[in-house]
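Results of the structural survey
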Amino acid sequence: MSGLNNKQEEACSYTEGPLLILAGAGSGKTRVLTHRIAYLIEKKSVDPYNILAITFTNKAAKEMRERVDKIVKEGSENIWVSTFHSMCVRILRRFNEKMGGTNNFTIYDTDDQKAVIKESLKYLGMDEKNYPVRAMISTISKAKEEFLDPTQFERNAGSSYRDMQVANVYHEYQKRLRQNNAMDFDDLIFNTIQLFTLHPDVLKLYQERFKYIMVDEYQDTNHTQFLLVEMLAAKYRNLCVVGDDDQSIYKFRGANIENILSFEKQYPDAKVVKLEQNYRSTANILNAANGVIANNEGRKDKSLWTDNPDGERVFFTRYQNEYEEAKGVTDQMISDQMDGASLNDMAVLYRTNAQSRVLEEMLIRANIPYRLVGGTNFYSRKEIRDIVGYLKCIVNPGDDISLERIINVPRRGIGAATVEKLRIYAEDNGIDLYDAVGDSDMVPGVGRAVSKLTDFFDMIEDFKKEAEDPGVSLENLYSDILEKTGYLDELKADTSLEARSRIENLEEFRSKITDYEAGAEEPSLAGLLEDVALVADADSEDDEDCDKVTLMTLHSAKGLEFPYVYMVGMEERLFPSGMSLDSEDPDATEEERRLCYVGITRAMKQLYMSAAKQRTLNGQTQYPAVSRFVKEIPKNLIRYRGLSMDDRQGAYDDAFSDYSSGSSFSRDSRYDFSYTGYDSYGGDRYSSYKTPKPVKRNVYTGKKLEKPKIYGLSKGMPETTAINYTVGDTVTHIKFGKGKVLEMIKGGNDYEVTVDFEKAGQKKMFASLAKLRKI
DNA sequence: GAACCCATCATTTTT
DNA sequence: TGATGGGTTC
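Below is a short write-up of the structure. These figures come from a predicted structure and were not determined experimentally. (Residues numbered from 1 in each chain as written. Chains lettered and ligands numbered in written order. Predicted model: local features only at pLDDT ≥ 70, side-chain atom pairs only at ≥ 80, totals over all residues. Heavy atoms only, no water.)

1. Considerations on the overall build of chain A
Under the convention used in this document: Put simply, DSSP H or I for four residues or longer makes a helix, DSSP E for two residues or longer makes a strand, and each gets a number counted from the N terminus. Using a 1.4 Å probe on the protein chains alone, a residue whose accessible area is under 20% of its type maximum counts as buried, one over 50% counts as exposed, and one in between counts as partly exposed. In what follows, residue pairs with any heavy atoms lying within 4.5 Å of each other are defined as contacts. Here the Shrake-Rupley method, with its probe set to 1.4 Å, supplies the accessible areas, and only the displayed protein chains count as covering residues.
Looking only at helices and strands, one finds 32 helices and 21 strands in chain A. Expressed as a percentage of its 775 residues, the buried residues of chain A come to 52%. Pairs at least 24 apart in sequence give 74% of the contacts found in chain A among residues at least 6 apart. As displayed, chain A offers around 36,300 Å² of accessible surface, 49% of which is attributable to carbon and sulfur atoms.

2. Examining the packing of aromatic side chains
Quick reminder of the rule: Aromatic contacts are taken between Phe, Tyr and Trp rings whose centres are within 6.5 Å, Trp giving its six-membered ring; a plane angle under 30 degrees counts as stacked, one over 60 as edge-to-face, and the others as tilted.
This model, assessed by the stated rule, comprises 17 aromatic pairs. Arranged with centres 5.0 Å apart and planes meeting at 50°, the rings of Trp-80 and Phe-210 form a pair that is tilted. Residue Trp-80 is found in strand 3 (residues 80-83), and its partner Phe-210 is found in the loop between helix 10 (200-209) and strand 6 (212-215); the two are separated by 130 residues along the sequence. For Phe-210, a relative accessible area of 1% translates into the label buried. With a centroid separation of 5.9 Å and 80° between ring planes, the pair formed by Phe-153 and Tyr-170 is classed as edge-to-face. Note that Phe-153 is positioned in helix 7 (residues 150-157) and Tyr-170 in helix 8 (residues 161-179), a separation of 17 residues in sequence.

3. Points about the sheet that holds strand 8 (residues 271-275)
For clarity, the cut-off: Strands are labelled as partners when DSSP assigns at least two bridges between them. Fitting a line to C-alpha atoms yields each axis, with helices limited to the stretch in contact; the angle taken between N-to-C directions then spans 0 to 180 degrees.
Sheet architecture is open: six strands sit in the order 3-2-6-7-1-8, paired in parallel fashion. Every interior strand has two partners, whereas the edge strands, strand 3 and strand 8, have only one. Averaged over all pairs of adjacent strands, the angle between their axes in this sheet comes to 15°, without regard to strand direction. Looking at chain direction, strand 1 (residues 19-23) and strand 7 (residues 239-243) are connected through four bridges and run parallel. Bridging from a neighbouring strand, Leu-20 pairs with Val-241 of strand 7. Packed onto the sheet, helix 4 (residues 84-95) meets strand 2 (51-55), strand 3 and strand 6 and runs at close to 110° relative to strand 3. Strand contacts of helix 11 (residues 223-233): strand 2, strand 6 and strand 7, with the helix running at about 160° to strand 6, the strand carrying the most contacts.

4. Quick notes on the environment of Tyr-350
For Tyr-350, the location among the structural elements is in strand 10 (residues 346-350). For Tyr-350, a relative accessible area of 0% gives the class buried. Along the primary structure Tyr-350 and Met-567 are separated by 217 residues, whereas in three dimensions their C-alpha atoms are 6.1 Å apart. In this structure, Tyr-350 is in contact with Gln-355, Ser-356, Leu-359, Leu-372, Leu-551, Met-552, Thr-553, Leu-554 and Val-568, ignoring residues within four places of it in sequence.

5. What to know about the pairing of strand 9 (residues 314-321)
A large share of strand 9 lies buried, amounting to eight of its eight residues. Pairing geometry for strand 9 and strand 16 (residues 638-641), over four bridges, is parallel. Across the sheet, residue Thr-317 finds its bridge partner in strand 16, namely Arg-641. In terms of strand pairing, strand 9 meets strand 14 (residues 603-617) through six bridges, oriented parallel. Its bridge partner being in strand 14, Asn-321 is matched across the sheet by Gln-614.

6. With respect to the pattern of salt bridges
Just so we agree on the cut-off: Just to be clear on terms, a salt bridge is a Lys or Arg side-chain nitrogen sitting within 4 Å of an Asp or Glu carboxyl oxygen.
Inspection of the entire model under this criterion finds 54 salt bridges. Here Lys-302 makes a salt bridge to Asp-244, at a shortest N to O gap of 3.1 Å. Taken as a pair, Lys-302 in the loop between helix 14 (283-293) and strand 9 and Asp-244 in the loop between strand 7 and helix 12 (258-261) lie far apart in primary sequence, 58 residues in all. Note on Asp-244: relative accessible area 1%, which makes it buried. Linking Lys-251 and Asp-585 is a salt bridge whose minimum nitrogen-to-oxygen distance equals 2.7 Å. Pair noted here: Lys-251 is in the loop between strand 7 and helix 12 and Asp-585 is in the loop between helix 26 (578-582) and helix 27 (587-600), with a separation of 334 residues, a long-range link. Classification of Lys-251 by relative accessible area gives partly exposed; the value is 36%. On the basis of relative accessibility, which here comes to 28%, the residue Asp-585 falls in the partly exposed class. Salt bridges sharing common partners tie together Glu-119, Glu-172, Lys-175, Arg-176, Glu-404, Glu-420 and Arg-423.

7. A short note on the packing of helix 5 (residues 110-124) against helix 6 (residues 133-145)
How we decide: Here the angle decides the label: under 35 degrees means roughly parallel, over 145 means roughly antiparallel, 65 to 115 means roughly perpendicular, and every other value means oblique. Each residue is assigned to one of three groups, with Ala, Val, Leu, Ile, Met, Phe, Trp, Tyr, Cys and Pro labelled nonpolar, Asp, Glu, Lys and Arg labelled charged, and all others, Gly among them, labelled polar.
As a packed pair, helix 5 and helix 6 sit with axes 9 Å apart at the nearest point and diverge in direction by 105°. One way to sum up the angle between helix 5 and helix 6 is to call them roughly perpendicular. Taken together, the residues of helix 6 that come into contact with helix 5 (itself represented by Thr-110, Gln-113, Lys-114, Ile-117, Lys-118 and Leu-121) are Val-133, Met-136, Ile-137 and Ile-140. In terms of residue class, the contact of helix 5 with helix 6 is made up of six nonpolar, two polar and two charged.

8. Observations concerning helix 1 (residues 6-13)
What counts is decided by this rule: The arc in question is the one spanned by the directions pointing from the helix axis to the C-beta atoms. By the criterion applied in these results, polar contacts are pairs of N or O atoms within 3.5 Å in which, for protein atoms, one can donate a hydrogen and the other can accept it, and in which residues neighboring in sequence qualify only through two side-chain atoms.
Regarding helix 1, the residues found buried are Gln-8, Ala-11 and Cys-12. Viewed end-on, helix 1 has its buried residues packed into an arc of 100°, placing them on one side of the element. Taken together, the buried residues of helix 1 touch strand 1, helix 2 (29-42) and strand 8. Its side-chain oxygen 3.1 Å from the backbone nitrogen of Lys-7, Asn-5 forms the N-cap of helix 1.

9. Focus on a negative patch on the surface
Using the following cut-off: Patch definition: residues with relative accessible area over 30% and no salt bridge; like charges joined within 9 Å; nonpolar side chains (Val, Leu, Ile, Met, Phe, Trp, Tyr) joined within 5 Å. Residues counted as positive are Lys and Arg, residues counted as negative are Asp and Glu, and His and the chain ends are not counted. For the purpose of locating charges, the reference atoms are NZ of Lys, CZ of Arg, CG of Asp and CD of Glu.
Judged by side-chain charge, Glu-74, Glu-77, Glu-521 and Glu-522 come together as a negatively charged surface patch. Of note, Glu-77 is situated in the loop between helix 3 (58-71) and strand 3.

10. Thoughts on the environment of Met-87
When you line up the elements, Met-87 lands in helix 4. Here Met-87 falls in the buried class, since its relative accessible area comes to 1%. Separated by 35 residues in the primary sequence, Met-87 and Leu-52 have C-alpha atoms spaced 9.7 Å apart. Apart from residues lying up to four places away in sequence, Met-87 is in contact with Leu-52, Ile-54, Trp-80, Ser-82, Leu-228 and Leu-232.

Spelled out as structure tokens, the structure:
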């Protein structure tokens, strides 16, 4: 085989039976996987149809697909290259009816989940304060990852009151998902296992199909993914998993490192191939990484080596504060650029997203273009979610969550009170909310809103017809939605930058739709929504040809490589994170160390590390010690570079000393010293560091430009209800129920009314808005 | 209905 | 520090 080393070749040609490939960072893992597929097809005459390759991210799947297509001549399109989730969707779309569901189910993302959890808590009368939505989502997700359904979870809860309450939420949550004909991400995998369990014939079908299975990033699999793979591979046992236990950094989201550590126990006849030659980094960088990771216990025994030249040492600089640090990074970038490096070759890696702000400010000031990876997801922008809400309603009329999102967006006079009545009606009659909208003339108390509801219903019905009409493209449907709902008009009427950027985003979404229509085999609205749900990274490839520095978290950097890497914020309690240090789980810090290992091994040519002596973290000034990970790098591989040139304490010792070593900061002479030395920077520049100019940010790259503007106010002036009550009367309120009027104060042309409600307690409100009724 | 004020609370992220 | 959510005020 061309261009492969012995180990790589061994991994490619061992095709029958279980195989574990321990692939160190930069050891040519993807290369091996693609060559292995080619080997199966060309040398072993395996039908491409019988091959399944599973990855974690769409990006990885896409990359693998491209590389496989390039290397496999015929039939490569028949190979399943897929993420766990999209594989399961594909299976469920086909067989969900066997489970009593339908194939047009909706996939709920985290925001949808939040809405369902909120409803469930409300329904159960539970307080969000004691049971935070986020915690509920994560607990339920963990349960599903362990393949526990609500009943099993409840059983495990035992006598813990809290767990029993959570079990109730889990029950309610699932009930609502079912009613909405929706599944969350975990359900996709969970339900596929369930399908396979209850319908062995279906499992058999896929076992026969996937005679050769490969799983990438196996160290990131959770328990259900493990089960799924095990089931699929049970018949032919041609299972090849690839991973690196040292790069397991996703425990917090359920990854179970045991899956890879105990693969040999699970498959005693497994062959193990270790890829230990690194082709990516200089020897110094690689050995620095080895030095750090050696401090972890319970690893698979392996040692990465390289034939590459030693290269420069790792540079470490300790700056006075985060602004100095950012300045130092940009200065270094400019200097590297003058030496011929391109900005595309550089990446700044940090532990937390919050760290990007200072860096961005400094890059803007230095006029260095950058791309920010991560941050706000394209599909979580309000305008996109709104339109996607329409699309979801059109495909799946059972999706109450989406319907409620858009029923009054843009405002069309269908208020919360009306929706509440519809909801009650729907619940009483066991129908979907959407059906209740269609029946609105039958719903008690709706009154004037009926015509608005009918209009809305007719509009959605028209959209449905369009969606089913093969003559109407998805793009046409999209345009119609933007126009007929009035959504676009409302945005156009608003001249703010915010509105303009929203329109841009909607245009961006349009091009996603046309891309999808052009690229998909059988484009459909359901398929589009699937892409939206599962292909979260709306990666704008278009700017790949611009020369830009990359900014991202260490997590996002996994799988990537850059000639020049900057690891910033190498400080105790930032990296490793304070949370991991405080955790009772000893593996938490080890996971941070693995993250550091991942970071270091991203660098090909030169690695810069830095820390700040003083940093504002969560609004508090900290004086962090240098990260233990820096100290774990063998001394001969790291080079300390002094602070700013005017700092006379440029000793190695100073770079590592901790302010916290003294009982009081002020007793540490270096503390005062650093401030006098600091002033010598020259007032002008320095003050601009201290109070960075507010940076207007593009909504597309993340944060807000200005306060959102008010949309038209004229619609639906509040109908004034005559005030027919006075102090001492009993009144009812739409939300708070019955209460007694305690006080009425005239304010302007309105009354401020204080009411003591039976359930809700005392409230102050304005008579014109509260619409209190005397009883 | 929406601006405004205050309290609270802070990893990592893909699907 | 800053984003976010809930409650108050107009």
